[in-house]
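Take a look at the letters that make up each chain.
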Amino acid sequence: MRHDVVSLAGDLPGGSYAVVGFADEAGTQLPLTDDVNAVRAWAQTVTQEVTAGSAGTSRDRALEVLTRSLQDARDRDPAMVRLVFYLSDGEQTADAEPGSFAEVAELVDGGAVLGYGTAAGAPMREFDGVARPDAPYIPDPDDPSRPALSRADEAALREVAAELGVPYVHRDGPTPTADLVADVDVAAIAADGRADLSTQRDLVWPFALLAGALLAAEAWTWARASSRRRRRTS
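Residues numbered from 1 in each chain as written. Predicted model: local features only at pLDDT ≥ 70, side-chain atom pairs only at ≥ 80, totals over all residues. Heavy atoms only, no water.

Asks: Just to check I follow, could you spell out the pairing of strand β7 (residues 143–147) for this structure?
Replies: The side chains of a regular strand alternate between both faces of the sheet. The pairing of strand β6 (residues 139–140) with β7 spans 2 bridges and is classified as antiparallel. Residue Asp140 lies in a different strand from β7, and its bridge partner there is Asp143. Here β6 hands over to β7 after 2 residues, the two strands then running antiparallel side by side. (Pairing = 2+ DSSP bridges. Helix = DSSP H or I, 4+ residues; strand = E, 2+ residues; numbered from the N terminus.)

Structure below.
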């Protein structure tokens, strides 16, 4: 995911980029900027959520922030070409039914949903704010003798892609991302009546990167296990 964030920014020169991150909460982690180095710095320093503060994940958690970001970009300059890249494993652990991204589809000119992880899943280490390679694994709430697993949900990610009107791509390695934006025809998009744009430099690309898989891995398992431990203690 770190590679893809930086690579996509490099594939879209002359644009501006914003990063929206989400776990148990969502927020703009990198305000709109045309500095690719700022995107690179974010990707290099972003960490997962502190385990003790995790409370469950939902694939639509960033929807409100994303909607506001896209509306602000449209209001600032209706001629903007707006691309959204949603990066996540798609796992839904919160009880509430997720909302639909279809409500922002009219604000999106292109992009992609990028999926990470496998259906088999992988164990998750506890995180207290400092990355420790020997940190204990988060226990499975149903069987504390084994680690909990975080699994990809490609069906959910395909649903998000369909709602946004963009393609879904499963990512399994740090390969080039140029093909993901190769079909973005700036001239064709600009010709839809919003404005006459003469050069790519005149475009602003609100680049919404929703890094759910990096930021939210521990959320639901820790919360459930902690709740059970508290009940047993009381």
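Picking up after the structure, the text goes on.
Asks: Is there a simple way to think about the environment of Thr47 in this case?
Replies: Within the fold, Thr47 resides in the loop between α2 (36–45) and α3 (63–76). For Thr47, a relative accessible area of 43% corresponds to the partly exposed category. Distance from Thr47 to Val130, taken between C-alpha atoms, is 9.0 Å for residues 83 residues apart in sequence. (Buried < 20%, exposed > 50% of the residue type's maximum accessible area, 1.4 Å probe, protein only.)

Asks: How should the pairing of strand β4 (residues 110–115) be read in this particular structure?
Replies: Counting buried positions along β4 gives 6 out of 6 residues, so the element sits mostly inside the fold. Going residue by residue along β4, you find Gly110, Ala112 and Leu114 tucked away on one face and Gly111, Val113 and Gly115 tucked away on the opposite face as well. Direction of pairing for strand β3 (residues 83–88) relative to β4: parallel, over a ladder of 6 bridges. Of the residues in β4, the one forming a bridge with Leu83 is Gly110. Bridge count for β4 against strand β9 (residues 168–170) is 3 bridges, and the pairing is parallel. Looking at the pairing, Gly115 lines up with His170 of β9.

Asks: Help me out: how do you make sense of the pattern of salt bridges in this one?
Replies: Two side chains of opposite charge can pair, provided their charged atoms sit close to one another. Inspection of the entire model under this criterion finds 7 salt bridges. A salt bridge links Arg68 to Glu64; its shortest N-O distance comes to 3.9 Å. Here Arg68 pairs with Glu64, and both are found in helix α3, just 4 residues apart, close to one helical turn. Overall, Arg68 belongs to the partly exposed group, its relative accessible area being 41%. Residue Asp140 pairs with Arg146 through a salt bridge whose shortest N-O separation is 3.7 Å. Classification of Asp140 by relative accessible area gives buried; the value is 14%. A relative accessible area of 46% means that Arg146 is categorised as partly exposed. (Salt bridge = Lys/Arg side-chain N within 4 Å of Asp/Glu carboxyl O.)

Asks: What's the story with the nonpolar core in this structure? I'm lost.
Replies: General note: in soluble globular proteins, nonpolar side chains tend to be found buried as a group. Of all hydrophobic cores here, the largest spans 22 residues; its most connected members are Phe85, Leu87 and Leu114. Contributing elements (two or more residues each) for this core: α1 (2–11), β1 (17–22), α2, β3 and β4. Top element by residues in this core is α2. It accounts for 4 residues. (Core = buried A, V, L, I, M, F, W, Y, C linked by side-chain atoms within 4.5 Å.)

Asks: Please clarify how the side chain of Ser150 should be interpreted in this entry.
Replies: For Ser150, the location among the structural elements is in strand β8 (residues 149–150). Residue class for Ser150 comes out buried when judged on its relative accessible area of 15%. In this structure the side chain of Ser150 is engaged in a polar contact, spanning 3.3 Å, whose partner is the side chain of Asp89. The residues contacting Ser150, other than those within four sequence positions of it, are Asp89, Glu91, Gly121, Ala122 and Met124. (Polar contact = N/O pair within 3.5 Å; in protein donor to acceptor, adjacent residues only side chain to side chain. Contact = heavy atoms within 4.5 Å.)

Asks: Could you clarify how one ought to interpret the layout of surface pockets in this entry?
Replies: The gaps of empty space that remain are located by a probe, the size of a water molecule, rolled over the atoms. When its volume is computed, the second largest pocket comes out at roughly 170 Å³. Taken together, 12 residues make up the lining of the second largest pocket; nearest its centre are Ala18, Thr28, Leu32, Ser69 and Asp72. At 6 residues, α3 tops the list of elements feeding residues into the lining of the second largest pocket. Among the residues making up the lining of the second largest pocket, the classes are represented as 7 nonpolar, 2 polar and 3 charged. (1 Å grid on protein atoms, 1.4 Å probe; cavity = no way out; pocket = protein on both sides within 12 Å on 5 of 7 lines; lining within 4 Å. Points joined across faces, edges and corners; volume = space filled by probe spheres on them. Nonpolar A, V, L, I, M, F, W, Y, C, P; charged D, E, K, R; others polar.)

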